[in-house]
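Analysis of the macromolecular model
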Amino acid sequence: MSDRPGGVGGSDIYYSKLEGDKWGAPVNAGQRINTAHDEYRPILPAQGHFNYHLLIFSSDRPGGKGGFDLYMTGLIKKW
């Protein structure tokens with residue numbers, strides 16, 4: 001999570017890939033996850049029964065119940 005320049009707005013969720021034995025540069029997770037509001041506390045739960053990686057995160061975007069609500073989305077398909 002970061003509010004670094006170049007983000008979508010507010011605090012955004014970023015990811016990094018492990019390349020060999022080094023982590024790559026942080027990459028913004030994009031507008032499918034990030035909004036002009038704050039996205040916070042991403043969790044990748046352990047799972048074996050889904051065909052994709054599940055990401056759970058909180059956000060104070062409009063349309064929720066108030067404060068930081070939980071959201072989920074599928075990520076890259078597992079093979």
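Residues numbered from 1 in each chain as written. Predicted model: local features only at pLDDT ≥ 70, side-chain atom pairs only at ≥ 80, totals over all residues. Heavy atoms only, no water.

Glancing now at the pattern of salt bridges. Applying the stated criterion across every chain, the model contains 1 salt bridge. Measuring nitrogen to oxygen at the nearest pair gives 3.3 Å for the salt bridge that ties R61 to E39. Highlighted residues: R61 in the loop between strand 6 (52-59) and strand 7 (69-77) and E39 in strand 5 (residues 39-43), separated in sequence by 22 residues. You can call R61 buried: its relative accessible area is 17%. (Salt bridge = Lys/Arg side-chain N within 4 Å of Asp/Glu carboxyl O. Helix = DSSP H or I, 4+ residues; strand = E, 2+ residues; numbered from the N terminus. Buried < 20%, exposed > 50% of the residue type's maximum accessible area, 1.4 Å probe, protein only.)

In this section: the packing of aromatic side chains. Tallied over the full model, the rule gives 2 aromatic pairs. With a centroid separation of 5.7 Å and an interplanar angle of 50°, the aromatic rings of Y40 and F68 are classed as tilted. Of this pair, Y40 sits in strand 5 while F68 sits in the loop between strand 6 and strand 7, and the two are 28 residues apart along the sequence. Residue class for Y40 comes out partly exposed when judged on its relative accessible area of 30%. Owing to a relative accessible area of 44%, F68 belongs among the partly exposed residues under this scheme. Residues F57 and Y71 carry aromatic rings whose centres are separated by 5.9 Å and whose planes lie at 25° to one another, so their mutual orientation is stacked. With a gap of 14 residues between them, F57 in strand 6 and Y71 in strand 7 connect regions that are remote in the sequence. The exposure class assigned to F57 is buried, which follows from its relative accessible area of 3%. For Y71, a relative accessible area of 22% gives the class partly exposed. (Phe/Tyr/Trp six-rings, centres within 6.5 Å; stacked < 30°, edge-to-face > 60°.)

A probe matching the size of a water molecule, rolled over the atoms, marks out where space remains unfilled. Looking at the largest pocket, its volume works out to about 430 Å³. Taken together, 17 residues line the largest pocket, and the ones lying closest to its centre are Y15, L44, L55, L75 and I76. For the lining of the largest pocket, the elements supplying multiple residues, two or more each, are strand 1 (14-15), strand 6 and strand 7. Among the elements that line the lining of the largest pocket, the one with the most residues is strand 6, at 3 residues. (1 Å grid on protein atoms, 1.4 Å probe; cavity = no way out; pocket = protein on both sides within 12 Å on 5 of 7 lines; lining within 4 Å. Points joined across faces, edges and corners; volume = space filled by probe spheres on them.)

Turning our attention to the side chain of S2. On the secondary structure map, S2 appears in the segment before strand 1. A polar side-chain atom of S2 sits 3.0 Å from the main-chain amide nitrogen of R4. Apart from the residues lying within four places of it in its own chain, the contact partners of S2 are G10, S11, D12 and Y14. (Polar contact = N/O pair within 3.5 Å; in protein donor to acceptor, adjacent residues only side chain to side chain. Contact = heavy atoms within 4.5 Å.)

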